[in-house]
Amino acid sequence: MPLREVRDAHRHLGVLPAYGFYGGPPVTPDVSARGTLAELRADLDREGTARALVIPNYGVPDVAVTFGFNELCVEAAQADDRIRAGVWVSPRPSDAAHTAKALQLTDEPGVVALKLSFLLGGRADAAECLPQLDAIFATAAARDLVVHVHTSPGAASDIDVVGNLVDRYADEVRIHLVHLGGGVSGHIKLIGGRFFDWVAAGKRVYTDTSWAVGFAARWLAAEIERRGLGHDRLLFASDEPWGDHPGELARLAAAVGDGELARHVFTDNFDTLYGCHSP
C-alpha cells in the first residue's frame, strides 16, 4: 500500500494545559500535540497522509478546554481538503450548554463526525445521560454524521457499557468504536464474536486498532478473512498525539498485508465513512 494513499481516521488537534494526572505533578505527556493548522499540515506532509479526521484534543478534566478546540478543527477542515473535522460533544447533563453550541457546528462544511467519550464523566447506560445522548444521536442521524466513541477497559468506556449505544442507535447512525475495545478484554469480546454479530445484524458499526494490544490486529484481520465479513468496517487510525503514527501504521500493515483488505482499511473505508459532507 503506497504511503501516499493512507487515510488516518482518528487524530487530535489542540494543545492541552499541563495537568497532575493520577495525583502526580502537572505534566504534558502528549508531547507531539499540535495547536495550529500549519503544524498539522507539516505532520500530514511528513507522513504522506492523504486524508485525516481531526478531533479536539482532550484528557484534562476541564471540558471547556476541549470544547474550545471545536472551532479550530472546523477551521482546519475548511482550510485543507485533506482534513475532515469531528466535533466534541458530551453526554453529561452539566455540559448541555456546551454540547448544544457544539451541535450547531454540524452545519459547517467539513464536519463529518461527533466525538463522544466517557473518560471525563457520564455513562452510556446512565438515565441522566440519556437526554444528551438522544440529542447527539438525533443530530447525527439528521446530518448523516458518524458518532466516534472512545472505548477502553473498565468503567464507562468498557465495551459492555458502550455497547449499549450500538444496541440503541446503530440501526440508524454509524458508530465508530475507537481502540477496538481498548484492551485485552475488549479485543476478545469484540473479535471473538460481538463485533461480527453486530455487523451481521445490520448494525452500522466500525472500529480501528489504535492502542490495540499486539495480538488484536492480527486476530481481527484473520477473522475478517475467515468469516468473509467486516472488511468494510475496519480503519487505520493513529490517535496522534496520544498514539504513535509510525508504529500504528506498521502494525496494521503487517496484519492486513498489501491486498484487497489493505485497500479497504487504509483508503476505501475512510472515504466511505468520512468522505465529503455537505450539510
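Residues numbered from 1 in each chain as written. Predicted model: local features only at pLDDT ≥ 70, side-chain atom pairs only at ≥ 80, totals over all residues. Heavy atoms only, no water.

Concerning the packing of helix 4 (residues 96-104) against helix 5 (residues 130-143)
Thought 1: Between helix 4 and helix 5, the least distance of the axes is 11 Å, while the angle of their chain directions is 5°. By the angle between their axes, helix 4 is roughly parallel relative to helix 5. Touching Ala-96, Thr-99 and Leu-103 of helix 4 are Gln-132, Ala-135, Ile-136 and Thr-139, all from helix 5. (Axes fitted to C-alpha atoms, helices over the stretch in contact; angles between N-to-C directions. Helix = DSSP H or I, 4+ residues; strand = E, 2+ residues; numbered from the N terminus. Parallel < 35°, antiparallel > 145°, perpendicular 65-115°, else oblique. Contact = heavy atoms within 4.5 Å.)

Looking at the nonpolar core
Thought 1: Of all hydrophobic cores here, the largest spans 72 residues; its most connected members are Leu-116, Phe-118, Phe-137, Leu-165, Ile-175, Val-256 and Phe-266.
Thought 2: Once you skip the residues sitting within four places of it in the chain, Ile-175 turns out to touch Phe-137, Val-147, Val-149, Leu-165, Val-166, Tyr-169, Ala-170, Arg-204, Val-205 and Tyr-206.
Thought 3: In terms of nonpolar packing, the next biggest core, distinct from the first, is built from 11 residues, Ala-113, Val-146, Tyr-206 and Leu-273 among them. (Core = buried A, V, L, I, M, F, W, Y, C linked by side-chain atoms within 4.5 Å. Buried < 20%, exposed > 50% of the residue type's maximum accessible area, 1.4 Å probe, protein only.)

Structural notes on the environment of Val-199
Thought 1: Mapped onto the elements of the fold, Val-199 is located in helix 7 (residues 184-200).
Thought 2: Distance in space between the C-alpha atoms of Val-199 and Ala-255 is 21 Å, their sequence separation being 56 residues.
Thought 3: Residue contacts for Val-199: discarding those within four places in its chain leaves Val-205, Leu-229 and Arg-233.

Examining the side chain of Ser-210
Thought 1: Note that Ser-210 resides in the loop between strand 7 (205-208) and helix 8 (214-227).
Thought 2: Among the polar contacts made by the side chain of Ser-210, one reaches the side chain of Asp-208 at a distance of 2.6 Å.
Thought 3: Those residues in contact with Ser-210 that sit more than four places away from it in its chain are His-10, Val-178, His-179, Ala-237, Asp-239 and Glu-248. (Polar contact = N/O pair within 3.5 Å; in protein donor to acceptor, adjacent residues only side chain to side chain.)

Re the sheet that holds strand 1 (residues 7-13)
Thought 1: Reading across from one edge, 1-2-3-4-5-6-7-8 is the order of the 8 strands in this open sheet, with parallel pairing throughout. Lying at the two open borders of the sheet, with one neighbouring strand each, are strand 1 and strand 8 (234-235).
Thought 2: Where helix 6 (residues 159-169) meets the sheet, it contacts strand 4 (111-116), strand 5 (146-150), strand 6 (175-178) and strand 7, and its direction lies at approximately 170° from that of strand 6.
Thought 3: Of the strands in this sheet, strand 6 and strand 7 are in contact with helix 7, which crosses strand 7 at around 145°. (Pairing = 2+ DSSP bridges.)

Looking at the pattern of salt bridges
Where charged atoms of side chains with opposite charge meet at close range, the side chains can pair.
Thought 1: Using the criterion set out here, one finds 25 salt bridges in the structure.
Thought 2: The salt bridge involving Glu-47 is made with Arg-11; its shortest N-O contact spans 2.9 Å. Of this pair, Glu-47 sits in helix 1 (residues 37-47) while Arg-11 is found in strand 1, placing the two residues 36 residues apart along the sequence. A single burial state applies to Glu-47 and to Arg-11, both of which are buried.
Thought 3: Asp-268 serves as the salt-bridge partner of Arg-263, at 2.2 Å between the closest nitrogen and oxygen.
Thought 4: Overall, Asp-268 belongs to the partly exposed group, its relative accessible area being 24%. (Salt bridge = Lys/Arg side-chain N within 4 Å of Asp/Glu carboxyl O.)

Some remarks on the side chain of Asp-158
Thought 1: Examined against the element boundaries, Asp-158 turns out to sit in the loop between strand 5 and helix 6.
Thought 2: Polar contacts involving the side chain of Asp-158 include one to the main-chain amide nitrogen of Asp-160, which spans 2.7 Å.
Thought 3: Excluding anything up to four places from it in sequence, Asp-158 contacts Ser-152, Ser-185 and Lys-189.

Quick word on the packing of aromatic side chains
Thought 1: What the rule picks out here adds up to 8 aromatic pairs.
Thought 2: Between the aromatic rings of Tyr-19 and Phe-21, the centroid separation amounts to 5.0 Å while the plane-to-plane angle is 80°, which identifies the pairing as edge-to-face.
Thought 3: On the basis of relative accessible area, Tyr-19 is assigned to the partly exposed category, the value being 33%.
Thought 4: Taking the centre distance of 4.5 Å and the plane angle of 40° together, the rings of Tyr-58 and Trp-88 count as tilted. Placement of the pair is Tyr-58 in the loop between strand 2 (51-56) and helix 2 (63-67) and Trp-88 in strand 3 (residues 83-89), with a sequence separation of 30 residues.
Thought 5: A connected cluster of aromatic rings, assembled from ring pairs, spans Tyr-19, Phe-21 and Tyr-22.
Thought 6: Between Arg-233 and the ring centre of Tyr-206, over which it is positioned, the NZ or CZ distance is 5.2 Å. (Phe/Tyr/Trp six-rings, centres within 6.5 Å; stacked < 30°, edge-to-face > 60°. Lys NZ or Arg CZ within 6 Å of the ring centre and 35° of its normal.)

Notes on the pairing of strand 4
Thought 1: Among the 6 residues that make up strand 4, 6 are buried, leaving the element largely enclosed by the rest of the structure.
Thought 2: When strand 3 meets strand 4, the two strands line up parallel, connected through 5 bridges. In the sheet register, Ala-85 faces strand 4, and the bridge partner there is Val-111.
Thought 3: Regarding the hand of the β-α-β motif, the stretch spanning strand 3, helix 4 and strand 4 is right-handed.
Thought 4: Where strand 4 lies against strand 5, 4 bridges are found, and the strand directions are parallel. Following the sheet pairing, Lys-115 is matched in strand 5 by His-148. (Right-handed = clockwise from strand over helix to strand, strands pointing away.)

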